[in-house]
Amino acid sequence: MVFVSGRLATKNVEVRRKMDSLCAAGRGHEIWVLAEWSHGHPGHPVPVRIFYGHAMHPDGLADLTRLRALAVGPGGETAEVSLEAGERDFHRAVFTPEREGIWTLAVEYDVGPLVLTPDGQWQRGTRRDAPDAREAAYYYQYAKTHIPVGHLGHEHHHDHGHAHGHCHCAGHGHDHDHHGEEVPFLGHRLEIGARPAFCRKGQEVTVEVRHRGLPLPGADLHVTWSFYERKQYPFQVRTDAAGRATVPLRAEGHWLFYVRCEDGPEGRDWDRTVYSATLTIFGVR
């Protein structure tokens, strides 16, 4: 009989949990981010939740060691972001903006190479590790949201939300584009932008998808919102020749846009690189 110490057993469970999290990307899991409050204030920490799952339904946690985050201010300045481990449905990214304006919080998740074994199991590895794998791909994910900081014309109500993002949103009724703020693209390999960055129920939003910095036509943009109960995307639209699509926001809640694309092999270790990107719009009312 072999006895395993409590510390070793706990470590083994943690390793298995991280492996399960990574392999879930092969089954279609993605990251997305949402601010905990409707807005922030200069000089004060702003917490943002990092979720992992599918179609705005959390399912486990991303591997914190493979996440990195960036906060970009209205003038292109950056703020340091600290990552805090979560225990249930989300990790946290926290940054302290130094001035008013619309800030962008972006998170990248370097999942790494995964293979689908002949018996239908996802596991970490490359084509070299598993020459007979049904699939071998490298997964990389991006997530982004915009956060107003300071007195930009909205009411100041804090909204701590629900762990799943199914929360009653703070009343703000803002449309920040009239402040002349340019919401930036950050140069991610795959990226979603939206105008306006904050909306009211019934308003239309123009969403643009870029791949390698260029508009991505013919991309399937999947859309959902936080009060939609099913664990799938209720509808999708295809981007036009300019990489854009118009989406009417017909329900209250936080809205999520998701897109995925693939690049060809960059070597012999995997067949393709799979990118996903998400963008959230906070508190549509």
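To be clear, the structure that these remarks concern was listed above.
A brief look at the structure comes next. (Residues numbered from 1 in each chain as written. Predicted model: local features only at pLDDT ≥ 70, side-chain atom pairs only at ≥ 80, totals over all residues. Heavy atoms only, no water.)

### As for the side chain of His 39
Stage number 1. Of note, His 39 is situated in the loop between strand E1 (30–35) and strand E2 (46–54).
Stage number 2. A distance of 3.0 Å separates polar atoms of two side chains, one belonging to His 39 and the other to Ser 38. (Helix = DSSP H or I, 4+ residues; strand = E, 2+ residues; numbered from the N terminus. Polar contact = N/O pair within 3.5 Å; in protein donor to acceptor, adjacent residues only side chain to side chain.)

### Observations concerning the pairing of strand E14 (residues 220–225)
Stage number 1. Pairing of E14 with strand E15 (residues 235–238) involves four bridges; the strand directions are antiparallel. Bridged to Leu 221 within E15 is Val 237. (Pairing = 2+ DSSP bridges.)

### A closer look at the nonpolar core
Stage number 1. With 42 residues, the main nonpolar core has Val 48, Phe 95, Leu 105, Tyr 109 and Tyr 139 as its most contacted residues.
Stage number 2. The greatest single-element share of this core, amounting to seven residues, is contributed by strand E8 (residues 101–116).
Stage number 3. Those residues in contact with Phe 95 that sit more than four places away from it in its chain are His 44, Pro 45, Val 46, Val 48, Ala 71, Ala 79, Glu 80, Val 81, Trp 103, Leu 105 and Ile 147.
Stage number 4. Listed in part, the 34 residues of the second largest apolar core include Leu 190, Cys 199, Ala 219 and Ala 251. (Core = buried A, V, L, I, M, F, W, Y, C linked by side-chain atoms within 4.5 Å. Buried < 20%, exposed > 50% of the residue type's maximum accessible area, 1.4 Å probe, protein only. Contact = heavy atoms within 4.5 Å.)

### Remarks on the side chain of Glu 108
Stage number 1. Mapped onto the elements, Glu 108 comes out in strand E8.
Stage number 2. Judged by its relative accessible area of 14%, Glu 108 is buried.
Stage number 3. Side chain to side chain, Glu 108 and Tyr 140 meet in a polar contact 2.6 Å long.
Stage number 4. Apart from the residues within four sequence positions on either side, Glu 108 is in contact with Ile 31, Arg 66, Leu 67, Arg 68, Tyr 140, Gln 141, Tyr 142 and His 188.

### So, the pairing of strand E17 (residues 253–263)
Stage number 1. Burial analysis of E17 places nine of its eleven residues in the buried class, which makes it a mostly covered element.
Stage number 2. Relative to E17, E14 is paired through four bridges, and the arrangement is antiparallel. Across the sheet, residue Val 223 finds its bridge partner in E17, namely Phe 257.
Stage number 3. In this sheet, strand E18 (residues 272–284) lies alongside E17 in antiparallel orientation, the contact comprising ten bridges. Counted as the bridge partner of Gly 253 is Val 284 from E18.

### Some details on the pattern of salt bridges
Stage number 1. Enumeration over the complete set of coordinates arrives at 15 salt bridges.
Stage number 2. Via salt bridges that share partners, Glu 36, Arg 49 and Arg 92 belong to a single interconnected network. (Salt bridge = Lys/Arg side-chain N within 4 Å of Asp/Glu carboxyl O.)

What is shown is where atoms sit, not what they do.
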